[in-house]
There are 2 protein chains.
Amino acid sequence: MRKKRITIEDVALEAGVHASTVSRALNPGKRALVSDVVAARVAATAQRLGYTPDPVAAGLRTRRSATIGILIPDIANPLFPPILRGIEAALAEAGYTAIIANTDNDALRARDALERLAARRVDGVILATVSRRDPLLDRCRKLGLPVVLVNRSTGGGATSAVLTDDEAGAALAVRHLALLGHRAIGHVAGPQRLSTGAGRRSGFVAARRAVGGESGPPPIAEAASYGIEAGAHAAAALLAAHPRITAIVAANDLLALGCYDEARRRGLACPRDISITGFNDMPFADRFDPPLTTVRIAQRAMGVEAARLLLAEIENPRSPKREIKLQPELVVRGSTAQPRGPSLTVPRRSR
Amino acid sequence: MRKKRITIEDVALEAGVHASTVSRALNPGKRALVSDVVAARVAATAQRLGYTPDPVAAGLRTRRSATIGILIPDIANPLFPPILRGIEAALAEAGYTAIIANTDNDALRARDALERLAARRVDGVILATVSRRDPLLDRCRKLGLPVVLVNRSTGGGATSAVLTDDEAGAALAVRHLALLGHRAIGHVAGPQRLSTGAGRRSGFVAARRAVGGESGPPPIAEAASYGIEAGAHAAAALLAAHPRITAIVAANDLLALGCYDEARRRGLACPRDISITGFNDMPFADRFDPPLTTVRIAQRAMGVEAARLLLAEIENPRSPKREIKLQPELVVRGSTAQPRGPSLTVPRRSR
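Each chain carries its own residue numbering, running from 1 in the direction its sequence is written. Chains and ligands are labelled sequentially in the order written, the chains with letters from A and the ligands with numbers from 1. Reporting in this predicted model follows two pLDDT cut-offs: at least 70 for local features of residues, and 80 or more for side-chain atom pairs to be given and counted; totals over whole chains, interfaces and linings ignore these cut-offs and use all residues. Side-chain measures were taken over the full set of non-hydrogen atoms in the model, leaving aside hydrogen atoms and water.

1. Observations regarding the relation of the copies chain B and chain A
Turning to step 1, where the next piece is worked out: Superposing the copies works by least squares over the C-alpha atoms of residues that have pLDDT at least 70 in both of them. For these two chains of identical sequence, chain B goes onto chain A by a turn of 179° and a shift of 0.2 Å along the axis, with RMSD 0.4 Å. In symmetry terms, the pair is related by a two-fold rotation axis.

Shown next, in the form of structure tokens:
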């Protein structure tokens, strides 16, 4: 059974001050309005009585809960924790905290999570989940809820977003492989309903043309999702249709792990028989066998920037929408090498 | 600027029904009390007007928010996503959802997150963060907040908890190494303020005695945290003090990765020169170089059980406290092998 809730008046009575003083003393944004001595006495009294400021009552007064909701699409993808870390660090500076909801890439769950966060009066949301033309944004607008997108965009520009230059990232991978001597380079693309999938694909196509890859339509297979198994399926389709491929640019690191699996299934050693690149440089990418050559995106910085944009929009709802694109960089590790010469016979290394 | 909030009365007026009917129609637990036609009309009206049920007002009526708070200690540790998945699956069955807060193993942040969740009227909390004798539990009791512990316990038994039999898990690792022929087995222990650190350590000590390890005090170094770098530091201390060690039982998988790093720094090949075991079988443990032999804990099942225990306590606050211990299992991969015979000279494999 819940005990009787301690109210702000109980604390005020006990500390010998007015309730509004208690409110100010316990609000980090207004603490400066009361003396240190009073603030300390109120805090000690509140703690002793077990008083928790009622954010709803406080929200009705200040219209702020100092809480931000974050929707992430896949809690098992190690890409997102560093983004969350960045968000949390920037929020903490402003006295805000985050509550997180996982949507498992499910539009209905995303919608439900958004409603619950809005109903709990979060001051704004950061969405890492959106697809291109996502109805979630209309819903945010209807709710009057400030929103910033991170990592994925809707492509509209009507919402502030912090993204990676996905085209440039894919080009880095293609040029790296071309410089190693690869001519038959394929792409395991991400879902094309997501901006990252579309951007990396078009970056791949353009860069392949620029480096003078083989003629004919570009060898591409689209993965159904950003997961390891989806990557293995797509790699199987790609290699079946284009058996002469010597290198694969995968649209993210989990897809690249799927390519590892499919290569192994076919008896192809990476990087001796086939080079594979990832995208994101997620945690542990340097630990894989072989360590993954990948395109590093500025995960933490992305989170920091997204939080700052959101705080600015909460402060001033009329601030212009901004799209920030961060430049990725190539990280060369053990999963890429020169292609085997077609006439050379290279003995298998002993294991 | 936020728009004027649509109220339940607005929906009632528009749909031509009483407000209490709107409330019932939009509450999954009470929908059966109104006709399907009315429920559909109310739902359509609510959607058109952009009405979100106010969970606080609803909470005052039903005393339920159908939302559970989860505190996790380290969002970057891949151990926790599968536990969260289990929690979310069991909650979804009951119409509940989770909101997650990350504490970064910081007691102050954990306290702050708990207050915010409680203030947002979550119906209960699942804590994956507790240390032994954690003041957070007193606070939950004061707030009248149902609570279940997962993975880590306070050791008291006054709170329901779903745990792994950590002693048994450490024994599995020690026996595996002993069967391979190792006699000089060391332990990189987890933080002893955490139940997992303490339980795995005592399991190691007991099992080492049982398999007749070398005499003298057991070779143990305690890591300052469950992180890769902390594991490397502890491994360095362990190997400096006990240079004859041929195998290390690490108290979790991240610590085992730290042992990999320290072994490499010393020019020791794993498993040829030194065998290393982890604990948890976190995602990607099979992808490392070498693939990690580890003690698998029932991550998803742990989450499912914790959610069910919590829902039972919310339903009936007088239900007896329960502690569920799940049995771990050994997963043998590439990081363990027979020790090199002391008189044999084994040539380094070419790389």
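2. Quick notes on the interface of chain B and chain A
Turning to step 1, where the next piece is worked out: Of the residues lining the interface, 62 residues belong to chain B; the matching set on chain A comes to 63 residues.
Turning to step 2, where the next piece is worked out: In what follows, salt bridge is the name for a side-chain nitrogen of Lys or Arg lying within 4 Å of a carboxyl oxygen of Asp or Glu. Remark: the boundary between chain B and chain A carries eight salt bridges.
Turning to step 3, where the next piece is worked out: The shortest N-O distance in the salt bridge between B:Asp261 and A:Arg287 comes to 2.8 Å.
Turning to step 4, where the next piece is worked out: Whenever a nitrogen or oxygen atom comes within 3.5 Å of another N or O atom, the pair is scored as a polar contact, on the condition that within protein one atom can donate a hydrogen and the other can accept it, and that pairs from neighbouring residues in sequence are kept only if both atoms are in side chains. Viewed at the interface, chain A and chain B are joined by 18 residue pairs in polar contact (both at pLDDT 80 or more).
Turning to step 5, where the next piece is worked out: A run of DSSP states H or I qualifies as a helix once it reaches four residues; a run of E qualifies as a strand once it reaches two. Both are numbered from the N-terminal end. For the side of chain B that touches chain A, the elements supplying multiple residues, two or more each, are α3 (36-49), α4 (55-62), α5 (80-93), β2 (97-102), α6 (107-119), α7 (135-143) and α11 (253-265) of chain B.
Turning to step 6, where the next piece is worked out: Counting residues per element, the side of chain B that touches chain A draws most heavily on α6(B), at seven residues.
Turning to step 7, where the next piece is worked out: Ten residue types, Ala, Val, Leu, Ile, Met, Phe, Trp, Tyr, Cys and Pro, are classed as nonpolar, four, Asp, Glu, Lys and Arg, as charged, and the remainder, Gly among them, as polar. Of the residues belonging to the side of chain B that touches chain A, the class tally is 26 nonpolar, ten polar and 26 charged. The contact criterion used throughout is that any non-hydrogen atoms of two residues lie within 4.5 Å.

3. Here we look at unusual backbone geometry
Turning to step 1, where the next piece is worked out: For the bond from A:Cys270 to A:Pro271, the omega torsion is 10°, close enough to zero to count as cis.
Turning to step 2, where the next piece is worked out: Here A:Pro271 shows up in the loop between α11 (253-265) and β9 (275-280).
Turning to step 3, where the next piece is worked out: Cis geometry is found at the peptide bond from B:Asp289 to B:Pro290, where omega equals 0°.
Turning to step 4, where the next piece is worked out: Along the chain, the position of B:Pro290 falls in the loop between β9 (275-280) and β10 (293-296).
Turning to step 5, where the next piece is worked out: One non-glycine residue, A:Asn280, lies in positive phi territory at about 125°.
Turning to step 6, where the next piece is worked out: Phi angles above zero are rare outside glycine, and B:Ala66 is one such case at about 55°.
Turning to step 7, where the next piece is worked out: Inspection of the secondary structure assignment puts B:Ala66 in the loop between α4 and β1 (67-72).

4. Description of the pattern of salt bridges
Turning to step 1, where the next piece is worked out: Tallied over the full model, the rule gives 38 salt bridges over all chains.
Turning to step 2, where the next piece is worked out: The partner of A:Arg200 in a salt bridge is A:Asp166, with the nearest N and O atoms 2.8 Å apart. One end of the pair, A:Arg200, is in helix α9 (residues 195-210); the other, A:Asp166, is in helix α8 (residues 166-180), with 34 residues separating them in the sequence.
Turning to step 3, where the next piece is worked out: Classification of A:Arg200 by relative accessible area gives buried; the value is 2%.
Turning to step 4, where the next piece is worked out: Here's how the labels work: a residue is buried when its accessible area is under 20% of the maximum for its type, exposed when over 50%, partly exposed in between, all with a 1.4 Å probe on protein chains only. When its relative accessible area of 6% is taken as the criterion, A:Asp166 is described as buried.
Turning to step 5, where the next piece is worked out: The network of salt bridges with shared partners includes A:Asp74, A:Asp104, A:Arg109, B:Arg85 and B:Glu88.

5. Side note on the environment of A:Thr45
Residues and elements named next belong to chain A.
Turning to step 1, where the next piece is worked out: Tracing the sequence through the fold places threonine 45 in helix α3 (residues 36-49).
Turning to step 2, where the next piece is worked out: Look at threonine 45 and you get buried, because its relative accessible area is 4%.
Turning to step 3, where the next piece is worked out: It is 9.8 Å that separates the C-alpha atoms of threonine 45 and valine 22, two residues lying 23 residues apart in sequence.
Turning to step 4, where the next piece is worked out: Sequence-distant contacts of threonine 45, defined by excluding residues within four places in its chain, comprise Val11, Glu14 and Ala15.

6. Describing the sheet that holds strand β6 (residues 185-189) of chain B
Working definition: the strands of a sheet are paired by backbone hydrogen bonds and lie parallel or antiparallel to each other.
Residues and elements named next belong to chain B.
Turning to step 1, where the next piece is worked out: Any two strands are treated as partners once DSSP identifies two or more bridges connecting them. Strands sit in the order β7-β6-β8-β9-β10-β12 across an open sheet of six strands; the sheet is mixed. The sheet is open, and its two borders are formed by β7 (220-222) and β12 (329-331), each paired with just one other strand. Averaged over all pairs of adjacent strands, the angle between strand axes in this sheet comes to 20°, irrespective of strand direction.
Turning to step 2, where the next piece is worked out: Where β6 and strand β8 (residues 247-250) come together, four bridges link them in parallel fashion. Looking at β8, one finds that glycine 186 is bridged to isoleucine 248.
Turning to step 3, where the next piece is worked out: A fitted line through C-alpha atoms represents every axis, and for helices the fit uses only the stretch in contact; the resulting angles, taken between N-to-C directions, go from 0 to 180 degrees. Sheet strands in contact with α11 are β6, β8, β9 and β10, and its direction is about 160° off that of β9.

7. Brief notes about the sheet that holds β9(A)
All names here are of chain A.
Turning to step 1, where the next piece is worked out: Overall, mixed pairing links the six strands, which are arranged β7-β6-β8-β9-β10-β12 in an open sheet. Edge strands, defined here as strands with exactly one partner in the open sheet, are β7 (220-222) and β12 (329-331). With direction set aside, neighbouring strand axes in the sheet form an average angle of 20°.
Turning to step 2, where the next piece is worked out: Along the sheet, α8 contacts β6 (185-189), β8 (247-250), β9, β10 (293-296) and β12; its crossing angle with β9, the most-contacted strand, is approximately 160°.

8. Digging into the packing of aromatic side chains
Turning to step 1, where the next piece is worked out: We call Phe, Tyr and Trp rings a pair once their centres come within 6.5 Å, taking the six-membered ring for Trp, and we label the pair stacked below 30 degrees between planes, edge-to-face above 60, and tilted otherwise. Using the criterion set out here, one finds three aromatic pairs over all chains in the structure.
Turning to step 2, where the next piece is worked out: Ring pairing ties together the aromatic residues A:Phe284, A:Phe288, B:Phe284 and B:Phe288, which thus form one cluster.
Turning to step 3, where the next piece is worked out: Only lysine NZ and arginine CZ atoms are considered, and such an atom sits over a ring when it is within 6 Å of the ring centre and within 35 degrees of the ring normal. It is A:Arg200 that lies over the ring of A:Phe279; its NZ or CZ is 3.8 Å from the centre.

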